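# Understanding the architecture of this molecule
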Amino acid sequence: MNALAPLAMLTRHDPGHVPVMLPEVLDALAPRDGGRYVDGTFGGGGYTRGILARAACTVWGIDRDPTAIARAAELAAELDAHAPGRALVPVEGTFGAMAELLNDDAPFDGIVLDIGVSSYQLDEAERGFSFRHDGPLDMRMSRAGRSAADLVNEADEAELADIIYHYGEDRMSRRIASAIVRARQEEPIRTTARLADIVRSVVRPDKSGIHPATRSFQALRIAVNDELGELQRALDEAPALLDEGGKLVVVTFHSLEDRLVKRAFAQAAGRVSRPSRHEPMAERFVTPDYVLPHTRPVLASNEEIGRNPRSRSAKLRSLLRTAPSASVRGSSS
């Protein structure tokens, strides 16, 4: 096989999945030959392909979605057959549990997380993530557990209002929750189109042009998948899985996520008030094992925003480990 074939295979353009801020993510990770990386949100495999195209290395790809894991298995087989020195290890599970899933393989030279829903999930009507295509009101990334339909038909009005307000940051949350409760008394809410119509009936479009149901759908998706809980668990666990010189890179899409990442990284890097030198505990202050390569988030380029509007709200933050890792690498077989 042509020596360039593996690279061509990894850089194939997939019009159904456009990884956000891929050049910036790869620059932050700086993949190297022989390196070990984790794509904690495999999805369509955009970041994984980019990492493997940059270097002859190994990537562990985590995803809770069985469909994404099937895609990862296909790519892993292609690599085994045609790209010696490059490998993908599919791992089914949540990125919030990466310490449990990957502890035997740690430490790693880089970990990347793209927080949110993938293009594949949004485009598949039967997954129920979007009102752009009518489908069952589902939204479960793992295809298991409580669905969005269960939530909107069973939660009381106060709980629904809280979810929409806190996770969707929608000031009309009480009005929307009341409309949902009234509508479900007539007939259970089972489809994305009906829920979108219910929200639109009580919320007028604003000048932004964004659909009135956008925030409510975001809120329900976050609640169904415990997305903020998953992110916080990952932020608690991932830094310790890094090798010295390794980076944790996180791309977020709204303020709720970015605030969690900003706070966790600042704490890890010791960017908190030091105790007073006059207090007895001051001598116990320890230089942190991590630093922030940049204090402000990296944003998508104007060119990318023009090509991919989803990137306009993206923010990239990274954390660099400067101290040796206590982790012991186990078998990666």
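Residues numbered from 1 in each chain as written. Predicted model: local features only at pLDDT ≥ 70, side-chain atom pairs only at ≥ 80, totals over all residues. Heavy atoms only, no water.

Let us look at the UniProt feature "binding site: S-adenosyl-L-methionine" (unreviewed entry) in the protein. Mapped onto the present numbering, the UniProt feature "binding site: S-adenosyl-L-methionine" (unreviewed entry) falls on Gly45, Gly46, Tyr47, Asp63, Phe95, Asp114 and Gln121. Mapped onto the elements, Tyr47 comes out in helix 3 (residues 46-54). Not counting the four nearest positions on each side in its chain, Tyr47 is found in contact with Pro19, Val20, Leu22, Val25, Asp39, Val112, Asp114 and Val251. Only 2.6 Å separates the side chain of Tyr47 from the backbone oxygen of Val20, close enough to count as a polar contact. The class for Asp114 is buried, based on a relative accessible area of 13%. Excluding residues that lie within four positions of it along the chain, Asp114 makes contacts with Thr41, Tyr47, Val251, Phe253 and Arg310. (UniProt positions renumbered as here; feature names shortened; annotations may be inferred. Helix = DSSP H or I, 4+ residues; strand = E, 2+ residues; numbered from the N terminus. Contact = heavy atoms within 4.5 Å. Polar contact = N/O pair within 3.5 Å; in protein donor to acceptor, adjacent residues only side chain to side chain. Buried < 20%, exposed > 50% of the residue type's maximum accessible area, 1.4 Å probe, protein only.)

We now examine helix 11 (residues 214-225). The periodicity of an α-helix, 3.6 residues per turn, causes residues three or four positions apart to be oriented the same way. Helix length check: helix 11 (12 residues) gives 17 Å between terminal C-alpha atoms against 16 Å at 1.5 Å per residue, within 8%. By the criterion of burial, helix 11 is predominantly enclosed, with nine of the 12 residues buried. Among the residues of helix 11, those classed as buried are Ser216, Phe217, Gln218, Ala219, Leu220, Arg221, Ile222, Val224 and Asn225. As for helix 11, its buried residues are in contact with helix 7 (148-154), helix 8 (157-168), helix 9 (173-186), helix 10 (192-202) and helix 12 (227-237). Within two residues after helix 11, Asp226 carries a phi angle of roughly 50°, on the positive side. (Expected span 1.5 Å × (residues − 1).)

A pair of packed helices is characterised by two quantities: the angle between their axes and the separation of those axes. Running from amino to carboxyl end, helix 8 crosses helix 9 at an angle of 135°, the nearest separation of the two axes being 8 Å. Taken together, the axes of helix 8 and helix 9 lie oblique to each other. Like other packed secondary-structure pairs, helix 8 and helix 9 cross with a definite hand, here right-handed. On the side of helix 8, the interface is formed by Glu157, Leu160, Ala161, Ile164 and Tyr165, while helix 9 contributes Ser173, Arg174, Ile176, Ala177, Ser178, Ile180, Val181 and Arg184. For the contact of helix 8 with helix 9, the per-class residue count stands at eight nonpolar, two polar and three charged. (Axes fitted to C-alpha atoms, helices over the stretch in contact; angles between N-to-C directions. Parallel < 35°, antiparallel > 145°, perpendicular 65-115°, else oblique. Left-handed = near helix turned anticlockwise from the far one by under 90°. Nonpolar A, V, L, I, M, F, W, Y, C, P; charged D, E, K, R; others polar.)

Moving on: the pattern of salt bridges. If you walk through the whole model with that rule in mind, you get 10 salt bridges. Here Arg233 makes a salt bridge to Asp226, at a shortest N to O gap of 2.8 Å. With a closest N to O distance of 2.7 Å, Arg317 and Asp258 form a salt bridge. Linking Arg317 in strand 8 (residues 315-321) with Asp258 in helix 13 (residues 255-268), this pair joins segments that are 59 residues apart in sequence. (Salt bridge = Lys/Arg side-chain N within 4 Å of Asp/Glu carboxyl O.)

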